[in-house]
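Examining the three-dimensional arrangement
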Amino acid sequence: MPRKGTRGSLSRQGPSPGTRAATRSRSRANQIATESLVEAAVGEEDTSRDEIEDMNESVIDESVEETPSKLANKSPTKKKRKARHKSVVLVTGDKSLFDIVRDGSTSLSAVVNGWIDSYEADRNFAALELIQFIVHCSGCQGEVTIDMLHDDMTECIMTLTEKFSGGIYPLLSHSPAFRGLKANVSEFVDRLMAECHRRGVLFDEWLVTTVMMPWVTTLSASQVRPFRHTATLVALKMTTALATILTVIEQEIEKSQVQLGTETRKSKSRRGSRKLETLEGMVEELKEHSEELKEMIQQLVTSVFTHRYRDVKPEIRALCMSEIGQWMDKSRSSFVRDEYLRYLGWCLHDTSPAVRLCVLQSLLTVYSNSVNGDNLKLFTSRFKARIVAMTTDKDDNVAQHAVMLAEKMLEYEQLSADDVESVYQLVFCVSRVVSHAAGKFLAHQLLSDEQLDARREELGDDVSDSELHLIQLLEYFNEAGLHHHTEFYVDSLWNHCSALKEWETMTDMLLSEERTLNGEQERVLIDIMSSAAMRAAGKPPPTQRQPHKRPLTTKERKVIEDERRKMSSCMIAVLPQLMSKFGTVDENVMNLIGVTKCLDLTRYTELRRMVDMESLLSELTAVVVNGTEEKLLYECAETFQCLVSSDTPVQRKAETALSTLQDQLVANFKDVMENVTDGPDDALGLTDEKTSFSVLCSIRRLTAFLRVFDMSHFHLFDDLDVIVGGYCKDSESVSSELVVPATTALFAVLMRETQRVKDGVSTGKNALTHLKRCIESLGSNFDTMLQTIDDPELQRQILVLFTEFMIAFGQHLRMKGLSSLVYMSSDSTQHRFLSVACRHIFSDDEDAEKQDDRDELHESEFLDAKRRVLGAVIKLVVYQVVDMKFATPIFAECLNHKSGLSDLIKVFMNKCRDLDKQYYVETLLVTLQQRFELLMDNSSGDIDTSSDSWKEVKELAHHFALTFGTDLIKIREPMVKLHRKGIEYSLSKELGHSQRYASDDRYAPPPNLLFFDLLAKFTFKLIKIDKAGPKGVLGYLDRLLSREMQDHMVEADFRPLREYRMNLQAAQQQEAEKDRSKKASRRSGVQSKRKRASDATRVEENKMDKDESRVHAEDGETANGWLHRREVASAKKKPAKKGKRESQKTVKRRRGTNSSAAKRKKVGEQTYNGVKETSVEMDSSLVEKSRLSGEEEMDRSHGSSLDTPTRRKTRQRHPTAEMSESDLDLLESDIGSELESSPIKMKIRSPQKRTRRSYKPLPNLFEEVKANSDEDSDSQLAKAFDD
């Protein structure tokens, strides 16, 4: 029998929320379900001994119900034990539930248990605390009262809305105080629902259905975003927790039904009747709970989710999509259905990347469970195309998850071959995360068991798995056709394909005599092996892909070092053999040399394989001696540099081999040059193709090593200058193919000599003189070559070399004490350089047939060549080697987007603007003048303003104006300078370099007057004072205009000048109109403020007079005594200010003393005129006496210093009356209160309902003035006062 004092029978105030749970049978099924729920939803926390005892005591064995008498006889010891689980909120003092959950310092299980204890004690207070928690989570500081639980929730929410303090609400705040609030709230709601179910509160039909669900539903529909977001979070987390509980209950129903079936199949003799009844009651109760949970979930989904999944804020939509994935994971049978999957499909098209990402994450959760396959067929067929298209989403995270989802869909065989191929190609994309996901997708498909088994049948059983993997990768790479992207391919597959780390397998396949690979496959395999070696050596990924933003950990560095040692141990022995076998193909040799730079050179000594190093050095030397390609030779030079600079025993052998190789290269070059210069009259015999080729190869080998090593001790400048100088003197005596290599070698020699001078190695006056002579000679040769070379490709190379030369020997050498080495190019040289560069940048030198025959690859290379030339020009201007004024042709092409250069030109213009704004303005003005003059020449001096050419120039001027930004203060001086120079140019009488038109009319417009239309595009960049100020552009323009021109400005020919001047005058007119409107509004505002203050004062005093007069009339106080006492009290409350203001008041009173009586009489007549009369009995003589005494008392009060500030202000606002209306009110009250008992009847005016017909309010006067804008303001005001 169960013990008394179970948890569910705790006495409460008012009706018990657990009545139904306490009176219902607590069967064995409830115990099993709650224990499973605690383990699944609440967490893996240890349950205390007391809680375990409580759970065991609350279980009813054999379905015996507790009677009300048993519930009443509870053990007091249990209550003492329960006292230790009091509400955490009550124990913690001033901290609210929101503060406890936000801080996270207290266990949420203890918080939930404490709240439920408080709920069992007083459910109204606990529910109020829970609603207050939700309100505080939204950032609202309002307080929820008990009445709000029963009032209209819409009005309550409107009241709470007024309590927002503003700013970012807690769920979106990045403040440290709210950093973990969202996670804590989610966990709190999850634990609350689980614990409520365990303790029988969930199904009490009050907490969830009557309190929580109505409040969160109403708040989630609020127009206030914090309320809506917070309530949606709570509602969705409640649904998730309820779905978890539902899953546990459904599992227990299945178990109980199995037990019931087993018990039913037993014979009657072995069947336990009480146990059978218990199981039946358990199943019935669990089914009832399941139905209630489904109703709760359905209500939350219908009232919250179906509205908020399309909320205007992406944060709320993302929350909905994330939670529906949790529902499908927790309760598969209830949510993995088309009616819920459709919401995920619809939101795949959401405009927010965060929402799309949450949708894909939820779908990944659903597709990861293979049991859901049958329920996903319709969804997959409907939204498969959209998911595949999202693999190329602009957001990298979305595209990555789309690829991962496509991989899951591939397991269900739902993707077509075209879909799979489109995902394959993403291994070559720029995004690192997307390419790695695509690499996993590719490896999973290509290296599947089915693919490998089919391939093994073709090649035989002797082929290993690693070889099959490599063959599969090679075949796909060849089919892709992107042979220049091996690094991307290897980087994508590196973490998903172990075959790329099988170094022995790759070398065996390359050195095998059976030739299982063809020539193309061998080339691809060597390329892949080279890229894999660089990846194993820890080299960074391709430059186009984003590098790692975080540093490598110690574990990652250790993995890289181990992989590099493993690769080096395998490659040391076979690398010379590979270079010997594939040395005839430059591309293969270049890739194998790249492997050499990735080796761990310490492994040569550790493995005692120095013989292999000698073989490798001999192979490298043979490649250099026999090689002719510049890239290959430069790669060999860098490899020697890597071997020489290593602090290993390999260094000495490498230095010896390098010295021998350099001597051999120099000797071969000098031998060739001696044979060339042995002709008659020192003529160069470099026109022969065989001789030119031998000289060309020697120069290329020397140039490769001159760029890497210091070979100044060989003194090669004179020998190389013979070739360049000979071409400049006689271009027919030297082949043009020799010019660029020889010039490159000369430039490398000069750079090494200059570095030696900087380092102090070469000293002396003769060394500097010789170096200066060499620099001037090479600079002169550059200028000559620009004029003589006709080949476009050679011209581009010379332009780039000349740029590097001018920058290397530019002005920066003066700061290093080498001013004598600065190369100063002449203006003619700069002009010639830029004209040739612009010809290559903005025009195609190839004929139309070649352009038509060019494929996409060659077109891209041609564009890259033009961008290199443009980059060279930009560097010259930015480094101030070339004057900015020579860049006007480049500025003029900034809107030519079809050229593919607009992005570089935009950056160039920004750099020039930041370099010198004044000079930048002059350059822009010169550019516009050149385009303007070109149009004038093409149109014979008469430009058609409706032509496309003129519109393009105007658009160019507008684009120039936009490059100055929005800060008008920083560009104030340059912009004024631009307008002044533009005005001078527009009004100039000179016709320029060509005669545009002639006229006998003396007052014909200036020839450049149309330039004002271009200048008008810059007027919005002038501030108002610079437009029409004392020293503004408008004044400068008027000073330059002659009297005759001003007289003829109305003519049609002067239209550009007239419109430009109107643009400048508009600012002046707007400023004047603004000043007038400010004065009028200020005057109207003052009068309105006075009227409002007067009306408020009058109303307040009337109310006070009625109350005071009634009270003092009842007390029998005289009117004069009460008036005097009231004025004294007012004066004490706010004493009058002394000083300047008081003296002014005294002067005003002194001026108005003579006519005060007359004015008081007049004001009294006007005030009393037309007012409702009241009949009162009084003595006539007493009336007259009281009236006179009242006037005398008022005279004393006006002249006294005890006058209140309110009355003084009233007299100032109405200067025509010395007596204020409040004084009259007081006087009438005095008379009425003092003479109320008189037997004589007299008609007096009641102060309660008076009208003011004598004065017209001042604000109405100004409104009448504003109503008629044609008349002058002062005349209207005077007219209004006269009326």
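Rules behind the numbers
- Residues numbered from 1 in each chain as written.
- Predicted model: local features only at pLDDT ≥ 70, side-chain atom pairs only at ≥ 80, totals over all residues.
- Heavy atoms only, no water.
- Helix = DSSP H or I, 4+ residues; strand = E, 2+ residues; numbered from the N terminus.
- Buried < 20%, exposed > 50% of the residue type's maximum accessible area, 1.4 Å probe, protein only.
- Contact = heavy atoms within 4.5 Å.
- Areas by Shrake-Rupley, 256 points an atom, 1.4 Å probe, with all protein chains shown as cover.
- Axes fitted to C-alpha atoms, helices over the stretch in contact; angles between N-to-C directions.
- Parallel < 35°, antiparallel > 145°, perpendicular 65-115°, else oblique.
- Left-handed = near helix turned anticlockwise from the far one by under 90°.
- Nonpolar A, V, L, I, M, F, W, Y, C, P; charged D, E, K, R; others polar.
- Expected span 1.5 Å × (residues − 1).
- Core = buried A, V, L, I, M, F, W, Y, C linked by side-chain atoms within 4.5 Å.
- Phe/Tyr/Trp six-rings, centres within 6.5 Å; stacked < 30°, edge-to-face > 60°.
- Salt bridge = Lys/Arg side-chain N within 4 Å of Asp/Glu carboxyl O.
- pLDDT = per-residue confidence, 0-100.
- Lys, Arg positive; Asp, Glu negative; His and termini not counted.
- Patch = residues over 30% accessible without salt bridge, like charges linked within 9 Å, V, L, I, M, F, W, Y side chains within 5 Å.
- Charge placed at Lys NZ, Arg CZ, Asp CG, Glu CD.
- Polar contact = N/O pair within 3.5 Å; in protein donor to acceptor, adjacent residues only side chain to side chain.
- Disulfide = S-S within 2.5 Å.

With respect to the overall build of the chain
Counting its regular elements, the chain contains 59 helices and two strands. When each of the 1283 residues of the chain is scored for burial, the buried share is 48%. Sequence separation of at least 24 residues holds for 74% of the intrachain contacts in the chain that already meet a minimum separation of 6. Per element, the accessible surface of the chain, about 65,300 Å² overall, is 49% carbon and sulfur.

Remarks on the packing of helix α29 (residues 586–596) against helix α32 (residues 630–644)
The interhelical angle for the contact between α29 and α32, taken along N-to-C directions, is 15 degrees, at an axis separation of 10 Å. Relative to α32, the element α29 lies roughly parallel. Like other packed secondary-structure pairs, α29 and α32 cross with a definite hand, here left-handed. For the pair formed by α29 and α32, the contact residues are D586, V589, M590, I593, G594 and T596 on the first element and K631, L632, E635, C636 and T639 on the second. Within the contact of α29 with α32, the residues separate by chemical class into five nonpolar, three polar and three charged.

Brief notes about helix α11 (residues 181–198)
In an α-helix, one full turn covers 3.6 residues, which means residues spaced three or four apart are oriented alike. In this model, α11 (18 residues) spans 25 Å end to end at C-alpha, consistent with the 26 Å of a helix rising 1.5 Å per residue. Along α11, 14 of the 18 residues are buried, which leaves the element largely enclosed by surrounding structure. Taken from the residues just after α11, G200 is the one with a positive phi, measuring 80 degrees.

Regarding the nonpolar core
Core analysis: the largest hydrophobic core is formed by 319 residues, its most contacted members being W503, F705 and F805. The element best represented in this core is helix α13 (residues 225–264), accounting for 15 residues. In contact with F805, other than residues within four places in its own chain, are F747, L750, I775, L778, G779, F782 and Y823.

Examining the packing of aromatic side chains
Across all of its chains, the model carries 37 aromatic pairs by this definition. Look at Y367 and Y412: their rings are 5.7 Å apart centre to centre, the planes differ by 75 degrees, and that puts the pair in the edge-to-face class. A residue pair is termed long-range when its members are at least 10 positions apart, and Y367 in helix α18 (residues 353–368) and Y412 in the loop between α20 (396–411) and α21 (417–424) qualify at 45 residues. Summarising the aromatic geometry, the rings of F782 and F805 are spaced 5.4 Å apart at their centres and angled 40 degrees between planes, so their arrangement reads as tilted. Within this pair, whereas F782 is found in helix α37 (residues 765–788), its partner F805 is found in helix α38 (residues 792–808), the two being separated by 23 residues in sequence. On the basis of relative accessible area, F782 is assigned to the buried category, the value being 0%.

What to know about the pattern of salt bridges
With the rule as written, the count across this model stands at 45 salt bridges. Where D117 meets R199, a salt bridge forms, and the shortest distance between an N and an O atom there is 2.5 Å. One end of the pair, D117, is in helix α8 (residues 108–121); the other, R199, is in the loop between α11 and α12 (207–220), with 82 residues separating them in the sequence. The buried category is assigned to D117, whose relative accessible area is 8%. Judged by relative accessible area, which is 6%, R199 ranks as buried. Connected through salt bridges with shared partners, the residues R432, D491, R535 and R545 form a single ionic network.

Describing the confidence of the model for the chain
Of the residues in the chain, 72% reach a pLDDT of 70 or more, and the chain-wide mean stands at 76. Of all helices and strands in the chain, the one with the weakest mean pLDDT is helix α4 (residues 68–72) (31), whereas α18 scores best (94). A low-confidence stretch, residues 845–853 stays under pLDDT 50, and its non-local contacts, those more than four residues away or across chains, total eight contacts. Every residue in residues 1111–1123 is under pLDDT 50, and counting partners more than four places away or in other chains gives 23 contacts.

Details of the side chain of E563
Of note, E563 is situated in helix α28 (residues 554–581). No salt bridge is formed by the buried E563; the nearest opposite charge belongs to K566, separated by 4.8 Å. Excluding residues that lie within four positions of it along the chain, E563 makes contacts with W494, K501, W503 and A536.

Let's talk about the packing of α28 against helix α31 (residues 610–626)
Where α28 meets α31, the closest approach of the two axes is 9 Å, and the angle between their N-to-C directions is 25 degrees. If you check the angle between α28 and α31, you find them roughly parallel. Here the hand of the crossing between α28 and α31 comes out left-handed. Contact residues: I572, A573, L575, P576, M579 and S580 in α28; D612, S615, L616, E619, L620 and V623 in α31. Taken together, the residues of the contact of α28 with α31 break down into eight nonpolar, two polar and two charged.

Here we look at a negative patch on the surface
Side chains of E413, D449, E450, D453, E457, D461, D462, E513 and E514 sit close together on the surface and give a patch of like negative charge. Here E450 is to be found in helix α23 (residues 449–459). According to the relative accessible area criterion, E450 is exposed, its value standing at 68%.

What about unusual backbone geometry?
Even without a glycine there, the phi angle at E413 is positive, about 60 degrees. For E413, the position within the fold is in the loop between α20 and α21. Judged by relative accessible area, E413 falls into the exposed class, the value being 71%. Despite not being glycine, Q880 shows a phi value in the positive range, around 60 degrees.

A few points about α38
For α38, with 17 residues, the first-to-last C-alpha span of 24 Å sits near the 24 Å given by 1.5 Å per residue. The buried fraction of α38 is high, at twelve of 17 residues. By the burial criterion, the buried members of α38 are L794, Q795, R796, I798, L799, L801, F802, T803, F805, M806, I807 and A808. At the N-terminal boundary of α38, the capping side chain belongs to D791, with an oxygen 3.2 Å from the backbone nitrogen of E793.

Observations regarding the environment of C320
Here C320 shows up in helix α15 (residues 314–330). C-alpha separation for the pair C320 and V355, spaced 35 residues apart in sequence, amounts to 8.9 Å. If we skip the residues at most four places from it in the chain, C320 touches T232, L236, F305, R308 and Y309.

Concerning the state of the cysteines
Here the structure, examined in full by the defined rule, presents zero disulfides. We note that C598 lacks a disulfide partner, and the nearest cysteine sulfur, in C642, lies 8.6 Å from it.

Quick notes on the environment of L716
Mapped onto the elements, L716 comes out in the loop between α34 (689–706) and α35 (717–729). C-alpha of L716 to C-alpha of K670: the two residues are 46 residues apart in sequence and 9.1 Å apart in space.

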